[in-house]
Amino acid sequence: MSCWETIADYGLRSIGYGERLLPREGFTLCQQFTLIGSGLLWNIYFGVLALASGFMLATAVAMGKASKNPVVRKISDWFIFIFRGSPLFIQFFFAYFLFLSLKQVSPFFDMFTSAWLGALIVLFLNTAAYSGEIFYGALQSIPKGDIEAADAYGLTGWSRFKRITWPTMLRLAWPAYTNEAIFLFHSTTLVFFSGFPAWQQRGDALYYANYFADKTFNPFVPYPILAGYFILLTLVIIGLFGIMNRRLNRHLPENRRSKIKPRMNLIR
């Protein structure tokens, strides 16, 4: 079987198209690259949907934590504390147990025990908590002069939030939020270890990397391939968020614009 035939047979296997059976012997590099790349589609699915939905909740949580209403502020504080204070893997475990218990009450919760929805909800809540804290810090860092200028122009309420507060918050938070987006995509690999089952043996990238490592007794081929895919994915995220960062800072002089670029860190 040529490499092109392998790509045609297994390229979209993780989403239900192509060969149903995995190769059993004679594993080639093309097969490993193709199947691990196919599984990466699920990691992208988890990351994109969790990030997009979590962004909206994070904004609400940040505003709630900065609210003068003590009830709203406490709810936001506890939400952030619980999801930032506990390991993500434990959150997967408790969420699966909760959905499994609810499934016995009503068949409606059956779909929540699957990875495509249940694990996505956990990632959504987790990234909303981390991003909410980032956005709250940015809210506290908005220069008072910007707010005073908005008041001088007669901007209040929703108009001031939409035109001044929210754009400034995003501009200040965007570099840190970029890191959160990268960590979120990396965290999608934990879905493989969670209790949420893969759908019809069509798992994520780590699922296929682990399959090849078990079959060949050689983890030094599939796992570096997996790492390479995530490095490329990280570069794409940095590029896309860099474009958005330039958009947010387009009103600033060139020498004052913060830039997002990859840097080698020896110590985290």
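Residues numbered from 1 in each chain as written. Predicted model: local features only at pLDDT ≥ 70, side-chain atom pairs only at ≥ 80, totals over all residues. Heavy atoms only, no water.

K.L.:
How should the overall build of the chain be read in this particular structure?
P.N.:
A count of helical and extended segments in the chain gives 9 helices and 0 strands. Reading the helices (α) and strands (β) of the chain from amino to carboxyl end gives α-α-α-α-α-α-α-α-α. By principal-axis analysis of the C-alpha atoms, the chain measures approximately 70 × 55 × 35 Å. Within the chain, the fraction of its 268 residues that count as buried is 40%. In the chain, of all internal contacts separated by at least 6 residues, the share reaching a separation of at least 24 is 72%. Of the roughly 15,700 Å² of accessible surface on the chain, 65% is carried by carbon and sulfur atoms. Here the chain carries 25 positive and 14 negative side-chain charges, and the mean point of each set is 10 Å from the other. (Helix = DSSP H or I, 4+ residues; strand = E, 2+ residues; numbered from the N terminus. Buried < 20%, exposed > 50% of the residue type's maximum accessible area, 1.4 Å probe, protein only. Contact = heavy atoms within 4.5 Å. Areas by Shrake-Rupley, 256 points an atom, 1.4 Å probe, with all protein chains shown as cover. Lys, Arg positive; Asp, Glu negative; His and termini not counted. Charge placed at Lys NZ, Arg CZ, Asp CG, Glu CD.)

K.L.:
Looking at this structure, how should I read the pattern of salt bridges?
P.N.:
Pairing between side chains of opposite charge can happen when their charged atoms approach one another. Using the criterion set out here, one finds 4 salt bridges in the structure. With its nearest N and O atoms 3.1 Å apart, the salt bridge here joins Lys103 to Asp110. A network of salt bridges, in which partner residues are shared, links Lys65, Asp77 and Glu133. (Salt bridge = Lys/Arg side-chain N within 4 Å of Asp/Glu carboxyl O.)

K.L.:
I tried to follow the layout of surface pockets on my own but got confused; where do I start?
P.N.:
Unoccupied space between atoms shows up once a probe the size of one water molecule is rolled over them. Space inside the second largest pocket adds up to approximately 400 Å³. Lining the second largest pocket are 13 residues, and of these Met63, Leu139, Ile147, Arg160 and Thr165 lie nearest its centre. When residues of the lining of the second largest pocket are traced back to their parent elements, those giving at least two are helix 5 (115–140), helix 6 (144–152) and helix 7 (157–187). Ranked by residue count, the leading element in the lining of the second largest pocket is helix 7, at 5 residues. Its residues assigned to classes, the lining of the second largest pocket shows 7 nonpolar, 4 polar and 2 charged. (1 Å grid on protein atoms, 1.4 Å probe; cavity = no way out; pocket = protein on both sides within 12 Å on 5 of 7 lines; lining within 4 Å. Points joined across faces, edges and corners; volume = space filled by probe spheres on them. Nonpolar A, V, L, I, M, F, W, Y, C, P; charged D, E, K, R; others polar.)

K.L.:
Any chance you could explain the nonpolar core here in plain terms?
P.N.:
One recurring pattern in soluble globular proteins: nonpolar side chains tend to sit buried together. If you look at the biggest cluster of nonpolar residues, it comprises 55 residues, and the most contacted ones within it are Ile36, Phe46, Phe92, Leu123, Phe135 and Phe196. For this core, the elements supplying multiple residues, two or more each, are helix 2 (29–65), helix 4 (88–105), helix 5, helix 7, helix 8 (205–216) and helix 9 (222–248). Residues within four places of Leu123 in sequence aside, it is in contact with Phe46, Ala50, Leu88, Phe92, Leu184, Ser187, Thr188 and Val191. Membership of the second largest hydrophobic core comes to 6 residues, among which are Ile80, Phe83, Ala128 and Ala129. (Core = buried A, V, L, I, M, F, W, Y, C linked by side-chain atoms within 4.5 Å.)

K.L.:
Teacher, can you tell me more about the environment of Ile147 here?
P.N.:
Its place among the elements puts Ile147 in helix 6. Residue classification places Ile147 among the partly exposed positions, given a relative accessible area of 22%. Placed 21 residues apart in sequence, Ile147 and Asn126 show a C-alpha to C-alpha distance of 31 Å. Each residue touching Ile147, except ones within four places of it in the same chain, is listed here: Ile142, Arg160 and Thr165.

K.L.:
So what exactly am I meant to see when it comes to helix 9 here?
P.N.:
For helix 9, with 27 residues, the first-to-last C-alpha span of 39 Å sits near the 39 Å given by 1.5 Å per residue. Looking at helix 9, one finds that the buried residues are Pro222, Ile225, Leu226, Phe230, Leu233, Thr234, Ile237, Ile238, Phe241, Gly242, Asn245 and Leu248. Contact partners of the buried residues in helix 9: helix 2, helix 7 and helix 8. (Expected span 1.5 Å × (residues − 1).)

K.L.:
Even after reading the chapter, I still don't get the side chain of Gln31, so can you show me in this structure?
P.N.:
With respect to the helices and strands, Gln31 occurs in helix 2. Apart from residues lying up to four places away in sequence, Gln31 is in contact with Thr6, Pro23, Gly26 and Phe212.

K.L.:
Would you mind showing me how to read the side chain of Ser38 here?
P.N.:
Examined against the element boundaries, Ser38 turns out to sit in helix 2. If near-sequence neighbours (up to four positions away) are discounted, Ser38 is found in contact with Tyr10, Gly11, Leu12, Arg13 and Ser14.

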